[in-house]
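Below, each chain spelled out in residue letters.
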Amino acid sequence: MDRLYIFDTTLRDGEQVPGCQLNTVEKIQVAKQLELLGVDVIEAGFPISSPGDFNSVIEISKAVTWPTICALTRAVEKDIDVAAEALKFAKHKRIHTGIGTSDSHIKYKFNSNREEIIERAVRAVKYAKRYVEDVEFYAEDAGRTDNEYLARVVEAVIKAGATVVNIPDTTGYCLPAEYGAKIKYLCDHVAGIEHAIISTHCHNDLGMATANTMSGVLNGARQAEVTINGIGERAGNTSLEEVAMILKCHKGVGIETNINTTKIYPTSRMVSSLMNMPVQPNKAIVGKNAFAHSSGIHQDGVLKNVQTYEIMNPQDVGIDDNAIVLTARSGRAALKSRLHALGVDLAQEKLDAVYQEFLKLADKKKDINDDDILVLAGADRSQNHRIKLDYLQVTSGVGVKSVASLGLLIAGEKFEACASGNGPVDAAIKALKKIVNRQMTLKEFTIQAISKGSDDMGKVHMQVEYDGHMYYGFGANTDIIAASVEAYIDCINKFKI
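Values in this document were obtained by computation on a predicted structure and should not be read as measured data. (Residues numbered from 1 in each chain as written. Predicted model: local features only at pLDDT ≥ 70, side-chain atom pairs only at ≥ 80, totals over all residues. Heavy atoms only, no water.)

Student: So what exactly am I meant to see when it comes to the environment of His385 here?
Tutor: As for its placement among the helices and strands, His385 is situated in the loop between helix H14 (370-378) and strand E11 (387-395). Considered as a pair, His385 and Ala411 are 26 residues apart in the sequence and their alpha carbons are 8.6 Å apart. Ignoring sequence-local partners within four residues, the contact set of His385 consists of Asp490 and Asn493. (Helix = DSSP H or I, 4+ residues; strand = E, 2+ residues; numbered from the N terminus. Contact = heavy atoms within 4.5 Å.)

Below is the structure:
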């Protein structure tokens, strides 16, 4: 079997999604899970972009053992210096540097020419090589770069010492046959190509990221750059779980990965929960409907032989058909076991706190699902907030004005306010604004029910503008008005005041 290396960029490209930013502790949690999953390379961040990214690369380097830790840079010496400093504790380190190669980038982004771009690319690789042996070069917008010129760039950077060459379809523009032909052209026309690994990095703007990645792999690429759940800028990136399971299902291709596929589902749920990024129900492999059958014909076939309509065993991706059903009668052991199955291991003190919240929720709901307990497990992120909701009371109805009164605890001191509004959420937020007297504007308000039913836990995502900056907040509660207020408070706690 041939080997495909899995390069996970959830913590770099994936984290660029608005509202999905993680703190360093959460990034370490994801990185450790990626190590358990079996990824070969973890792109931990873009160190020069912010002190937070720089620190996260350092701490992730300390936290994981065998995967290569990669740091992104531009083809700029200062970027490379900072990346090398951030990687100083990594057991296996890689600098990922590069520059745009399409005519559009060369002309409009760099105001340059083809020859100068090659010189800058070579210079960056050589400079990075002073710090690390493993240097990856990315030819940004390679998907729209002329193949002959791209081959010249790739040949030059390999001669300069690049060990991996990344061919990104940055805008998600290529057709699968086109992208595969591009990879094959490089394999056939670049002198010294055998001294480097060709990598795919595909975006999903036209819904072809996975198809393009597989076309690249079938034509000679031996590294795939992916994210958990396919998260990423705009329409996202290639999904790790899709590539891993395609190769597992199609063994005749003769290519394997190091991915422990039974860890896919827990990793998916962890990333979804920490990033407050719901997984669409019909998402391949990890969506809640991925192994559901509603058609009578399908149900009949599955009952007779599961292989009639399922090409994968749910257990192969970590979905347990015989999961313990959690109710108000469940004990700590059952909760701990289910959280562990979802990739979350809590210290006893934290488990005790989550268990108490679990019991409160279980009294309100008949059944507790995986999303519910992941929300509960992540709820402590708000415990250290300066501003907390103390109480909320709302009067609302048809033909009457909605009125809300609420209390806030701000640094331990209690404040109260009352307001009317166009609906209960509007009234509650107006009362909140009376206490937190700031010029802030609600820009986005999204409500998501986790499952079905009037007793369901609701998630609210908010985007608030304050002092020229955008802040993202999250709230979860069986009371959607309370969840909305909690999301708004979450935004306010992030204000740079």
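Student: Hey, could you run me through helix H12 (residues 332-341) in this one?
Tutor: Residues that lie three or four places apart on an α-helix share one face, since the helix turns once every 3.6 residues. Every buried residue belonging to H12 is among Ala334, Leu335, Arg338 and Leu339, and all of these are buried. The buried side chains of H12 occupy one side of the element, clustering within an arc of 130° when seen end-on. Exposed positions of H12 whose direction lies more than 90 degrees from the buried face are Ala333 and His340. The first or second residue beyond H12 is Gly343, which carries a positive phi of 85°. (Buried < 20%, exposed > 50% of the residue type's maximum accessible area, 1.4 Å probe, protein only. Arc of directions from axis to C-beta.)

Student: Help me out: how do you make sense of empty space enclosed by the protein in this one?
Tutor: Throughout the structure, instances matching the rule amount to one cavity of 30 Å³ or more. One number sums up the size of the largest cavity: a volume of about 40 Å³. What lines the largest cavity is Lys336, Leu339, His340, Val344, Asp345, Leu346 and Leu351. The element contributing the most residues to the lining of the largest cavity is H12, with three residues. Residues belonging to the lining of the largest cavity are distributed by class as follows: four nonpolar, one polar and two charged. (1 Å grid on protein atoms, 1.4 Å probe; cavity = no way out; pocket = protein on both sides within 12 Å on 5 of 7 lines; lining within 4 Å. Points joined across faces, edges and corners; volume = space filled by probe spheres on them. Nonpolar A, V, L, I, M, F, W, Y, C, P; charged D, E, K, R; others polar.)

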